[in-house]
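Listed here are the chains, written in short residue letters.
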Amino acid sequence: KNQVEQSPQSLIILEGKNCTLQCNYTVSPFSNLRWYKQDTGRGPVSLTIMTFSENTKSNGRYTATLDADTKQSSLHITASQLSDSASYICVVTYGGATNKLIFGTGTLLAVQP
Amino acid sequence: KAGVTQTPRYLIKTRGQQVTLSCSPISGHRSVSWYQQTPGQGLQFLFEYFSETQRNKGNFPGRFSGRQFSNSRSEMNVSTLELGDSALYLCASRDQGATEAFFGQGTRLTVV
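Residues numbered from 1 in each chain as written. Chains lettered and ligands numbered in written order. Predicted model: local features only at pLDDT ≥ 70, side-chain atom pairs only at ≥ 80, totals over all residues. Heavy atoms only, no water.

Participant: When you look at the interface of chain B and chain A in this model, what are you seeing that I'm missing?
Facilitator: One widely used convention gives an interface's size as the accessible area the parts lose upon coming together. At the interface, 19 residues of chain B touch 18 residues of chain A. The contact between chain B and chain A buries some 1,500 Å² in all, and 46% of this surface belongs to carbon and sulfur atoms. Together, B:Leu43, B:Thr99 and B:Gln105 form the three largest contributors to the area buried by chain B at its contact with chain A, with a combined 33%. In this structure, the connection of chain B to chain A is made through 1 salt bridge. One salt bridge in this structure joins A:Arg34 and B:Glu100, with 3.7 Å as the shortest N-O distance. (Contact = heavy atoms within 4.5 Å. Buried area = accessible area lost by both parts, 1.4 Å probe. Salt bridge = Lys/Arg side-chain N within 4 Å of Asp/Glu carboxyl O.)

Participant: Sorry, what's going on with the state of the cysteines here?
Facilitator: Here, disulfide denotes a covalent bond that connects the sulfur atoms of two cysteines. For the structure shown, the criterion picks out 2 disulfides over all chains. The disulfide that involves A:Cys23 links it to A:Cys90, with 2.0 Å between the sulfurs. Residues A:Cys23 and A:Cys90 share a disulfide whose torsion about the S-S bond is about -65°; that sign makes it left-handed. Here the residue A:Cys23 occupies a position in strand E3 (residues 19–26), and A:Cys90 occupies one in strand E9 (residues 86–94), the gap between them amounting to 67 residues. A:Cys90 shares its class with A:Cys23; the two are buried. The disulfide that involves B:Cys23 links it to B:Cys91, with 1.7 Å between the sulfurs. Taking the sign of the S-S torsion, -50° for the link of B:Cys23 and B:Cys91, the bridge is left-handed. Of this pair, B:Cys23 sits in strand E3 (residues 19–24) while B:Cys91 is found in strand E9 (residues 87–94), placing the two residues 68 residues apart along the sequence. Since its relative accessible area comes to 0%, B:Cys23 is described here as buried. (Disulfide = S-S within 2.5 Å. Helix = DSSP H or I, 4+ residues; strand = E, 2+ residues; numbered from the N terminus. Buried < 20%, exposed > 50% of the residue type's maximum accessible area, 1.4 Å probe, protein only.)

Participant: What am I meant to see in the sheet that holds strand E8 (residues 74–78) of chain B here?
Facilitator: The strands that make up a sheet are held in pairs by hydrogen bonds between backbone atoms, and each pair lies either parallel or antiparallel. Residue and element names in this part refer to chain B. One open sheet accounts for 4 strands, arranged E1-E3-E8-E7; its pairing is antiparallel. Only two strands of the sheet have a single partner each, and these edge strands are strand E1 (5–7) and strand E7 (64–68). Mean inter-strand twist for the sheet, computed between neighbouring axes without regard to direction, equals 20°. Bridge count between E1 and E3: 3 bridges; the pairing is antiparallel. When the bridges of E3 are listed, Thr-5 appears paired with Ser-24. (Pairing = 2+ DSSP bridges. Axes fitted to C-alpha atoms, helices over the stretch in contact; angles between N-to-C directions.)

Participant: What should I look at first to understand the nonpolar core in this one?
Facilitator: When a protein is soluble and globular, its nonpolar side chains tend to lie buried together. Within the largest apolar cluster, 26 residues are counted, with the highest numbers of intra-cluster contacts made by A:Tyr25, A:Leu33, A:Trp35, A:Leu75, A:Tyr88 and A:Val92. Among the secondary structure elements, those contributing two or more residues to this core are E3, strand E4 (30–38), strand E5 (45–51), strand E7 (62–67), strand E8 (72–77), E9 and strand E11 (107–112) of chain A. The leading source of residues in this core is E9(A), at 5 residues. Sequence-distant contacts of A:Tyr88, that is, excluding residues within four places in its chain, are made with A:Gln6, A:Leu21, A:Trp35, A:Tyr36, A:Lys37, A:Leu47, A:Tyr62, A:Leu75, A:Ile77, A:Gly106, A:Thr107 and A:Leu109. Ranked by size, the runner-up nonpolar core spans 21 residues in total, among them B:Leu11, B:Leu46, B:Phe60 and B:Phe64. (Core = buried A, V, L, I, M, F, W, Y, C linked by side-chain atoms within 4.5 Å.)

Shape is all these values report; function is a separate question.
As structure tokens, then:
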């Protein structure tokens, strides 16, 4: 069964601290994996995309990793800011030419001052 | 380029009524997908349309239906509303062959 699981479900950290969000997937065939950020009351926005051949990619204070062998990805946030408070959703594209998307349930991150 | 536009932004309906939500995709995007988002459930896939044809369908009852017009605009209809249908409904559009979905702001539906 194709599925994407994220952990933790929610996370509270203090401003300035680092954190890591996890995404495990079981899909076939795998095309790519995206991390989306969803601010409260808004639609998700893509942060980064990871393809099969990529191990790590950074976008400012966000660093995503992908281990295609273990089918795991992580999103590391460095020096968190209040504006990082949001839901982070892992989305995997699979199915070859059909380009199907499957969404994780997200990690709700709260950054406190 | 204008982003994905969803209307209305907020809606309050009574149990048993029906509702129609609208989505205008990014110009040139022919794929439109709909999602239901509730706290703790994450994004649940409803259906995807491409060139006026339903390409994929999620696991929702037949009360949820959709359609896409020749200009790629899409509508989603929910009939016989239930309290559990209260959610944020998100629409996303994609370019042909692309994997990045661009989301609208969503329609917040409250059923009372």
